[in-house]
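# Examination of the molecular architecture
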Amino acid sequence: MTPDTIEQAMQTLANADPDIARAYPLVGAPSPRERDKGFATFFSTIVSQQLSIEAASAIMGRVNALLPELHANAVIDVEGQALRDAGLSWRKIEYAKGLAEAELAGTFSAEGLEQLSDDEAIAAITQLRGFGRWSAEIYLMFSLKRPDIFPADDLALRVALGRLKGMDEKPTPKQARQLVEHWAPWRSAGSLFLWHYYRGEPL
């Protein structure tokens, strides 16, 4: 989403939700966040699971040196030990090989996701080993730029939503989804705002 689209979305959300109307002037609009789309992004998602940004970046640097063209055929052809030496765990190598196999077999298509609805794309991604709903929703938000995604399994998102709504405890994922239903069709902008609010909530 562009800054202008986010601004438009936030005005709509402020009109629909008095808690956003109260908080929005205090912290301002969130910045756009985008990621590349395609096979390489799915590979890097596997690498980054449960790692710091710095550690994941270092491993991806070694992977890119090993595989200058990061596509399914290259991942299938490379020895597992070479990926292990680059820093991937054996479990992540299994996931990466599975991703490549699915892409080559036609049971998954990173490029084909653009033609699918949100629910269809999430279902296609989560059938891959190593990809849960959160990973799928993040891909839809940042790589496919879908405007109405709310990754309710995100801890920071739920903590921020609980604070925004004046709750004593953070909502469960199910409760969070219910609390933001009226944010449609701009739940992606609402999610960006909650992450922004989480970092910059006024005391």
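It should be emphasised that the depicted structure is a prediction, and the values quoted were computed from it without experimental measurement. (Residues numbered from 1 in each chain as written. Predicted model: local features only at pLDDT ≥ 70, side-chain atom pairs only at ≥ 80, totals over all residues. Heavy atoms only, no water.)

The next subject is the overall build of the chain. In terms of helices and strands, the chain carries twelve helices and zero strands. With respect to the principal axes defined by its C-alpha atoms, the chain has extents near 55 × 35 × 30 Å. Burial analysis of the chain (203 residues in total) assigns 45% to the buried set. Pairs at least 24 apart in sequence give 64% of the contacts found in the chain among residues at least 6 apart. Just so you have it, the chain exposes about 10400 Å², and 50% of that area is on carbon and sulfur atoms. Across the chain, the mean location of the 21 positive side-chain charges is 5 Å away from that of the 27 negative side-chain charges. (Helix = DSSP H or I, 4+ residues; strand = E, 2+ residues; numbered from the N terminus. Buried < 20%, exposed > 50% of the residue type's maximum accessible area, 1.4 Å probe, protein only. Contact = heavy atoms within 4.5 Å. Areas by Shrake-Rupley, 256 points an atom, 1.4 Å probe, with all protein chains shown as cover. Lys, Arg positive; Asp, Glu negative; His and termini not counted. Charge placed at Lys NZ, Arg CZ, Asp CG, Glu CD.)

Okay, the packing of helix H9 (residues 133–142) against helix H12 (residues 187–200) next. Axis separation between H9 and H12 bottoms out at 11 Å; the angle between their running directions is 105 degrees. Comparing the axis directions of H9 and H12 gives the class roughly perpendicular. Judged by residue contacts, Ile138, Met141 and Phe142 of H9 engage Ser188, Ser191, Leu192 and Trp195 from H12. Of the residues assigned to the contact of H9 with H12, the class counts are five nonpolar, two polar and no charged. (Axes fitted to C-alpha atoms, helices over the stretch in contact; angles between N-to-C directions. Parallel < 35°, antiparallel > 145°, perpendicular 65-115°, else oblique. Nonpolar A, V, L, I, M, F, W, Y, C, P; charged D, E, K, R; others polar.)

Compared with an ideal rise of 1.5 Å per residue, which puts 16 residues at 22 Å, helix H7 (residues 90–105) spans 22 Å between its outermost C-alpha atoms and is within 8% of the ideal. Buried within H7 are the following residues: Lys92, Ile93, Tyr95, Ala96, Lys97, Leu99, Ala100 and Ala102. For H7, the elements touching its buried residues are helix H3 (39–48), helix H5 (72–77) and helix H6 (80–86). Just downstream of H7, Gly106 is the residue with a positive phi angle, here 85 degrees. (Expected span 1.5 Å × (residues − 1).)

As a further point, take the packing of aromatic side chains. The final tally for this structure, using the stated rule, is seven aromatic pairs. Here Tyr24 and Phe193 contribute two aromatic rings whose centre-to-centre distance is 6.1 Å and whose plane-to-plane angle is 80 degrees, an arrangement assigned as edge-to-face. Pair noted here: Tyr24 is in helix H2 (residues 18–27) and Phe193 is in helix H12, with a separation of 169 residues, a long-range link. Look at Phe42 and Phe131: their rings are 5.6 Å apart centre to centre, the planes differ by 65 degrees, and that puts the pair in the edge-to-face class. Here Phe42, found in helix H3, pairs with Phe131, found in the loop between helix H8 (118–126) and H9; they are 89 residues apart in sequence, far enough to count as distant. We classify Phe42 as buried; its relative accessible area is 1%. An aromatic cluster is present here, built from Phe42, Phe108, Phe131 and Tyr139 joined pairwise through their rings. For the cation-ring pair, Arg33 lies above Trp195, with the distance from its terminal atom to the ring centre recorded as 5.0 Å. (Phe/Tyr/Trp six-rings, centres within 6.5 Å; stacked < 30°, edge-to-face > 60°. Lys NZ or Arg CZ within 6 Å of the ring centre and 35° of its normal.)

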